[in-house]
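# Summary of the model geometry
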Amino acid sequence: MTPRLTATFGAMKADNVAITQRDQRLTRTSHLASVASGETVLHAELSIVFENLPEMLVSQLRGTFTLFGQLLLDHKIDVSVAEPQIFETPDGCFGRRTKITETSGGIPICDVVEIMSHDRLLSVIAQRYGDLEQSKM
């Protein structure tokens, strides 16, 4: 989803990152925000099977504000997203639950819960990014 987010909202960063570890799982919760405006695009909770990832990626995950999807791309880990479940929160935001696996072997990498910000805010952020891109031309 990272390439789609950056195409729509521009460069993104993970804010308010909290990491906990239990057994073979690393849980990372964060707000994904537009670098340009600082506004939150979505809230994410990742339950990562860290033993199935390179040590360097896990280290970067713990110590940077880089999006998980970008780290997977940077480390050339080809993934598949499966079992998407779309839901709506009581306050009208939409979210999805998915499972990320390594494509060639089906090795589990991560369970993801993402909740988008309200549509009004997303429209404003996307419009600002589009205006910024147009002004560069």
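Heads up: the structure comes first, above all this text.
Residues numbered from 1 in each chain as written. Predicted model: local features only at pLDDT ≥ 70, side-chain atom pairs only at ≥ 80, totals over all residues. Heavy atoms only, no water.

### Some thoughts on the packing of aromatic side chains
What counts here: Paired rings are identified among Phe, Tyr and Trp, the last through its six-membered ring, by centres lying within 6.5 Å, and are further divided according to the angle between planes into stacked (under 30 degrees), edge-to-face (over 60) and tilted (the rest). Geometrically, a charge over a ring is one whose NZ (Lys) or CZ (Arg) sits within 6 Å of the ring centre while staying within 35 degrees of the ring normal.
Under the defined criterion, the tally for this structure stands at 0 aromatic pairs. Directly above the aromatic system of phenylalanine 87 lies the positively charged group of arginine 97, at a separation of 4.3 Å from the ring centroid.

### Quick notes on helix H2 (residues 55-63)
Quick note on the threshold: Throughout, exposure labels follow a simple rule: accessible area from a 1.4 Å probe, protein chains only, divided by the maximum for the residue type, with under 20% read as buried, over 50% as exposed, and the rest as partly exposed. We count a stretch as a helix when DSSP gives it H or I for four or more residues in a row; a strand needs E for two or more, and each element gets its number in order from the N terminus. Of all possible arcs, the one meant is that of the directions from the helix axis to the C-beta atoms. Contacts were defined at the residue level, with two residues in contact if any of their heavy atoms lie within 4.5 Å.
Considered for burial, the residues of H2 that qualify are Leu57, Val58 and Leu61. Taken around the axis of H2, the buried residues stretch over an arc of 100°, which confines them to a single face. Residues Glu55, Met56 and Gly63 are exposed on H2 and point more than 90 degrees away from its buried face. Residues of H2 that are buried make contact with strand E1 (12-22), strand E2 (25-34), strand E3 (40-49) and helix H3 (68-74).

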